[in-house]
Amino acid sequence: MQDLPVWFEIFKYPPMSVVLITLVSVTISTISNLAMKRFADIRRLRRYQAEIRAYQELQRRANETQNEKLLRKVRRRKAYIDRIQKEMMTARCKPYTFFMIPFMMIFYLLSGFYTEAGHPIIVAVIPFHIEYVLFFLSGWIGEPVVGGFGMYFFGFYMLVGLGLGQILQRVMGTSLT
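No experiment lies behind these values; they were computed from the predicted model shown.

(A) Main features of the sheet that holds strand E4 (residues 142–145). As summarised here, the arrangement of the 3 strands in space is E3-E5-E4, forming an open sheet in which the pairing is antiparallel. The open sheet is flanked by strand E3 (124–126) and E4, the only strands paired with a single partner. The average angle at which neighbouring strand axes cross in this sheet is 30°, direction not considered. As defined by bridge partners, E4 adjoins strand E5 (residues 148–151) across 4 bridges and the pair is classed as antiparallel. In the sheet register, Val145 faces E5, and the bridge partner there is Gly148.

Set out below in structure tokens:
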């Protein structure tokens, strides 16, 4: 058991840190999507989303034309739309209540693993200097390094999670759009 930390050290620095963080992110996204499929009525949520989109289009048209008839129709439907938006939010959040604490613990443990002497370490290097365009990112999600921009755990996890999370939602059929 004492060999585990030494063996696990290969995942602390690039390129293996990229592999571990990506695997953790994909696993967490997959579990979240499976929970969404299991605990939420996706067909009903999609129908609600279509109704909300139609309402927003009607509202936009009513505001542009200032047509009194359309404005009345928009006002009449507002309470219903608010109710289904609340229902959608509740349905989407319900599965996450079961998994939020374990996910937070995993994130906390990995965050500690990718820290040395209280400072975050570089876990991935993107091959361009993003800090020239988005200067505020330097020090927050990473720092300039030779060959590009080195990302800390938090920034890289968010980048991978947001990017792959959307793809997994579409593949698993839990995306509402």
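Anyway, onward from the coordinates.
(B) Local environment of a nonpolar patch on the surface. A grouping of Tyr132, Val133, Leu134, Phe135, Phe136, Trp140, Phe154, Met158 and Leu162 is seen on the molecular surface, where their side chains present a nonpolar patch of about 1100 Å² in accessible area. Structurally, Met158 can be placed in helix H5 (residues 153–172). A residue is classified by how much of its surface remains accessible, and Met158, at 32% relative accessible area, is partly exposed.

(C) View of the packing of helix H2 (residues 16–39) against H5. Axis separation between H2 and H5 bottoms out at 9 Å; the angle between their running directions is 40°. As summarised for this structure, H2 and H5 are arranged oblique, according to the angle between their axes. Judged by the twist between their axes, the crossing of H2 over H5 is right-handed. Contacts between H2 and H5 involve Val18, Ile21, Thr22, Val24, Ser25, Val26, Ile28, Ser29, Thr30, Asn33, Leu34 and Lys37 from the first element and Phe153, Phe156, Tyr157, Val160, Gly161, Leu164, Gly165, Leu168, Gln169 and Met172 from the second. Residue classes in the contact of H2 with H5 are distributed as 13 nonpolar, 8 polar and 1 charged.

Parameters at a glance
- Residues numbered from 1 in each chain as written.
- Predicted model: local features only at pLDDT ≥ 70, side-chain atom pairs only at ≥ 80, totals over all residues.
- Heavy atoms only, no water.
- Pairing = 2+ DSSP bridges.
- Helix = DSSP H or I, 4+ residues; strand = E, 2+ residues; numbered from the N terminus.
- Axes fitted to C-alpha atoms, helices over the stretch in contact; angles between N-to-C directions.
- Patch = residues over 30% accessible without salt bridge, like charges linked within 9 Å, V, L, I, M, F, W, Y side chains within 5 Å.
- Areas by Shrake-Rupley, 256 points an atom, 1.4 Å probe, with all protein chains shown as cover.
- Salt bridge = Lys/Arg side-chain N within 4 Å of Asp/Glu carboxyl O.
- Buried < 20%, exposed > 50% of the residue type's maximum accessible area, 1.4 Å probe, protein only.
- Parallel < 35°, antiparallel > 145°, perpendicular 65-115°, else oblique.
- Left-handed = near helix turned anticlockwise from the far one by under 90°.
- Contact = heavy atoms within 4.5 Å.
- Nonpolar A, V, L, I, M, F, W, Y, C, P; charged D, E, K, R; others polar.

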